[in-house]
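# Analysis of the macromolecular model
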Amino acid sequence: MSILIKNGRLIDPANDIDGTFDLLILDGKIARIDKKIDDSAEEVIDASGKLVTPGLVDIHVHLRDPGLEYKEDVISGTAAAAAGGFTSVACMPNTKPVNDSLPVTQYLIRKAKEEGSANVFPVAAVTKGSKGETLTEMGELKEAGAVGFSDDGLPVINSELMRRALEYSRPFNMPIISHAEEKSLVGDGVMNEGFVSTELGLKGIPWVAEDAMVARDVMLAELTGGHLHVAHISTKGAVDIVRQAKARGVHVTCEATPHHFTLTEEAVRGYNTNAKMAPPLRHADDVEAVRAGLADGTIDAIATDHAPHHVDEKNVEFNIALNGITGLETALPLTLRLVNDGVIPLQQAIALLTCGPATALGIPRGDLSIGAVADVTVIDQERKWTFDPETSRSKSHNTPFGGWELQGGAEVTILAGHVSYRFES
Amino acid sequence: MNKDVTVILNKSGVQRALTRISHEILERNHGSDNLVLVGIRSGGDFLAAELQQRIQQIEGVEIPLGAVDITMYRDDLDSRGSLPLGKTDIPFPLDGQKVVLVDDVLYTGRTIRAAMDALMDFGRPQAIQLAVLIDRGHRELPIRADFVGRNVPTAREENVQVEFEPENVPSAVRLLKP
Amino acid sequence: MSFAQKHILGIDHLSREEIIQILDTADSFKEINTRAIKKVPTLRGKTIVNLFFEASTRTRTSFEIAGKRLSADTINISASSSSVVKGETLEDTARNIEAMHPDIIVMRHGASGAPHYLADRLDCSIINAGDGAHEHPSQALLDAFTIREKLGRIEGLNVAIIGDLTHSRVVRSNLYLLNKLGAKVRLAGPGTMIPPGIEKLGATVYHDINQAIEGADVVMMLRIQLERQGKTLLPTLREYSRFYGLNPNNLKLAQENALVMHPGPMNRGVEISSSVADGPQNVILDQVENGVAVRMALLYLVSGGEETEG
């Protein structure tokens, strides 16, 4: 099997390449990159006016498999990923059962390989059952293919246990991914605390709930030398804490979601349950700070926190609606908006979707090095389209971006030398 | 819209009609004992005040005067919407009284039906009589006036308008053709 | 002029003119409540469902009497909010009720936004009888009606509202209404009960209730409910009463004929002392009485809510 991609603007931030190149894929590997390649190939893709990038990497996805397949499964979730230009996703362990064991991790990898449209790199739980009591078998989970540990959806409340997790994972070179919320400050809050929550009469979650937990975790990382990865950073304070920690040389990385750099708490007005997630949509100042963190490199990766929920779980009163939104099919255009808004240059946007996340979790993807696995995304930067959640490849349609006019999207997604998605108008 | 306007009654015509009605009311009821006036808002209440004045001039007695707003008793809420409510003000008991209900223009009879329902909610009058300045016909209910200022044959699409001066003194009645 | 609103979800979405129209309409209905026969046929044949997911004696009774005095058929349904979490959803509950063709659903729910949710999904009119900590429009309207009746105006008055501002739907509806009608609002309460940014709804916030009361034309006390509002917010009711309760001494700081109001039910000896609650300045029972007229006005106005040229 061979694919020749011609005349595209090839951006490979990991190798510092940005220019017009042809790219040849042979037997699932990147075979050649050159100004002009005239070899014959089984498929020739004319990428004139398009971008050719490493396959996009999303390190924060909920595939809901096993156990919650009514929301999503490996097949539908990776199909949505491919449609969004992603070739690799890291999936969170809050499934039924929780992915805290070898069989679940192996099951996910096997199912993705056999039936999926993207690579699946499981994130396993920090603690058994994500109950916050005892550590999981991190060494064995790593051997099985896990790329990090998280009790995502929940913080590790017990500070001593979080310390031990960072200490224990360190020799395995594995990150502890923190869902940073100080639960006692979250209380039964359902949105960001501020004027909007006051006006709507909804219980607020103060920014300090995130800042306090990020501060604790950063200090524990500093104490232990472990690798802390802060998931879905959303507040100005948390971005500042990570920025300062990085300057001190603490081993901390972090990610931000498209919704946290695109939407503010104002989106909740009208009691829109598709604007409900954890952490919540924040104040405009926080959105600015997250954008600044993306621009100055404090934030390593853009990750979707793709969290599918059944319509019945969202079509309820705001305070009992489940947290989370889908994101795989809107992440790329929302990231390109940052480029159009002048927040970050194009090369950096691509880095934040490829080598940035891959490096943060040590995933062997995200570059177009010769000989590397041929995960490639061809991006049409110009295409204007309206997002219709009903046409989503995800099983769920819980998104606040329905009806949005977007620009840019995946034209062709190639997974290990095979087309996993092709845009059809 | 250009409307063809005919004056049915001028100011002195209205005055004469009201004076005649006052005499007729007293004659029919053998004086002013147990007699009360209730005008229908808005228009009938002003005419009722005029009648009260004239009766006082004739008999030397000030008979009780009330006003009823019939909006709450309408039968067309669904088609006409929630019209603004006026105040009903009947500060005396109606039980055993002879009530003269006063309106400006008698048309379908639906307003009078509503007004009678309203009066019944205030007590049990001995009798209700109806006085109107103009009867323009087109009744939809079996209702007729006891005292009429002027009978005016009209077409349905025409409009009868009773005009009042600033002190609520009736000044003219006009027939407006479409 | 017909009334343009199909629903009454809050004061926020009403214009100054609509508020005045409601108060004027209530003024006309008030007379019925003093008649021997307290009933008019205005809403004959209409069906009103009082759908209450939270216990409420006063508001439900007031709406029920209002509906009955207008000759509507009123049905009370008490549902438990908790049953919404497990089992039947709010939408299913509401659809079942709608299948019986009510004209108006009067709704009380513990979740902010619940009436808006139903209004988006059902065809009948929805009147919000209190949603979470969001709005309680009929309460604010009856408060305004009472103030206007007693003091002759609302514009330019100083109104002090004191208590748990965070969890109060009464305060939010009153803030919208009083600002639209030109009153000046002062708020006061314990530091734990002042939500962020509430001053942006049009109020001056004080921590010392004496400052809020000083020179006020109206002093409105809010009910304190420790069991609902959480144990971390206050040390004791005793201390609350000392620092945030209305008593004859601090009431002296207000205008001489200032009105004392309370949406009820009162905790005597906590947010309001008995001598003030029963004193000459209290209009608390007037509020209850006027509540019926105001709710009659709401039921009447939304019934003809959709304008058709007649």
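A quick note: this is a predicted structure, and the numbers were derived from the prediction, not measured.

### Brief notes about the environment of Glu424 of chain A
Residue and element names in this part refer to chain A. Looking at where Glu424 falls in the secondary structure, it is placed in the segment after β18 (418-422). The exposure class assigned to Glu424 is exposed, which follows from its relative accessible area of 66%. In sequence terms Glu424 and Arg243 are 181 residues apart; their C-alpha atoms lie 42 Å from each other.

### Details of helix α13 (residues 284-303) of chain C
Helix length check: α13 of chain C, at 20 residues, gives a terminal C-alpha distance of 29 Å against a target of 28 Å (1.5 Å per residue), a fit within 8%. Across the 20 residues of α13 of chain C, 16 count as buried, placing the element largely inside the fold.

### Here's the deal with the interface of chain B and chain C
Contacts between the two partners involve 18 residues from chain B and, on the opposite side, 24 residues from chain C. Both faces considered, chain B and chain C share a buried interface measuring about 1,800 Å² in area, 52% of it formed by carbon and sulfur atoms. When residues of chain B are sorted by the area they lose upon contact with chain C, Met72, Leu77 and Ser82 of chain B head the list and together hold 34% of the total. Ionic pairing is found between Lys87 of chain B and Asp27 of chain C, a salt bridge with its closest N-O pair at 3.2 Å.

### With respect to a nonpolar patch on the surface
On the surface, Leu185, Trp207 and Val208 of chain A cluster together into a nonpolar patch covering about 270 Å² of accessible area. Classification of Val208 of chain A as partly exposed rests on a relative accessible area of 31%.

### Some details on empty space enclosed by the protein
Considering all chains together, one arrives at 4 cavities of 30 Å³ or more under this definition. Space inside the largest cavity adds up to approximately 60 Å³. Considering the residues around the largest cavity, the lining is formed by 13 residues, among which Pro155, Val156, Met162, Ser178 and His179 of chain A are closest to the centre. Looking at the lining of the largest cavity, the elements with two or more residues in it are β10 (176-178) and α7 (208-224) of chain A. Across the lining of the largest cavity, the residue classes tally to 8 nonpolar, 2 polar and 3 charged. Considered as a void within the structure, the second largest cavity measures approximately 50 Å³ in volume. Taken together, Thr71, Arg74, Asp76, Leu77, Gly81 and Leu83 of chain B together with Thr42 and Tyr300 of chain C form the lining of the second largest cavity.

### A closer look at the environment of Asp164 of chain C
Residue and element names in this part refer to chain C. Mapped onto the elements of the fold, Asp164 is located in the loop between β5 (158-162) and α7 (169-180). Note on Asp164: relative accessible area 1%, which makes it buried. Between the alpha carbons of Asp164 and Ile194 there is a distance of 7.1 Å; along the sequence they are 30 residues apart. A distance of 3.1 Å separates the side chain of Asp164 from the backbone nitrogen of Thr166, its partner in a polar contact.

### Some details on the domain arrangement of chain A
Residue and element names in this part refer to chain A. For chain A, the assigned domains are domain 1 (2-51 + 373-422) and domain 2 (56-361). Each of domain 1 and domain 2 has a C-alpha centre, and these two points are 25 Å apart. Of the residues lining the interface, 34 residues belong to domain 1; the matching set on domain 2 comes to 46 residues. Summed over both sides, the interface of domain 1 with domain 2 buries roughly 3,000 Å², with 64% coming from carbon and sulfur. The tally of links from domain 1 across to domain 2 stands at 1 salt bridge. Taking the shortest distance from any N to any O, the salt bridge between Lys395 and Asp73 comes out at 3.0 Å. Considering each element in turn, the side of domain 1 that touches domain 2 owes the most residues, 8 residues, to strand β17 (residues 405-415).

About the criteria used
Residues numbered from 1 in each chain as written. Chains lettered and ligands numbered in written order. Predicted model: local features only at pLDDT ≥ 70, side-chain atom pairs only at ≥ 80, totals over all residues. Heavy atoms only, no water. Helix = DSSP H or I, 4+ residues; strand = E, 2+ residues; numbered from the N terminus. Buried < 20%, exposed > 50% of the residue type's maximum accessible area, 1.4 Å probe, protein only. Expected span 1.5 Å × (residues − 1). Contact = heavy atoms within 4.5 Å. Buried area = accessible area lost by both parts, 1.4 Å probe. Salt bridge = Lys/Arg side-chain N within 4 Å of Asp/Glu carboxyl O. Patch = residues over 30% accessible without salt bridge, like charges linked within 9 Å, V, L, I, M, F, W, Y side chains within 5 Å. Areas by Shrake-Rupley, 256 points an atom, 1.4 Å probe, with all protein chains shown as cover. 1 Å grid on protein atoms, 1.4 Å probe; cavity = no way out; pocket = protein on both sides within 12 Å on 5 of 7 lines; lining within 4 Å. Points joined across faces, edges and corners; volume = space filled by probe spheres on them. Nonpolar A, V, L, I, M, F, W, Y, C, P; charged D, E, K, R; others polar. Polar contact = N/O pair within 3.5 Å; in protein donor to acceptor, adjacent residues only side chain to side chain. Domains from an automatic or database assignment.

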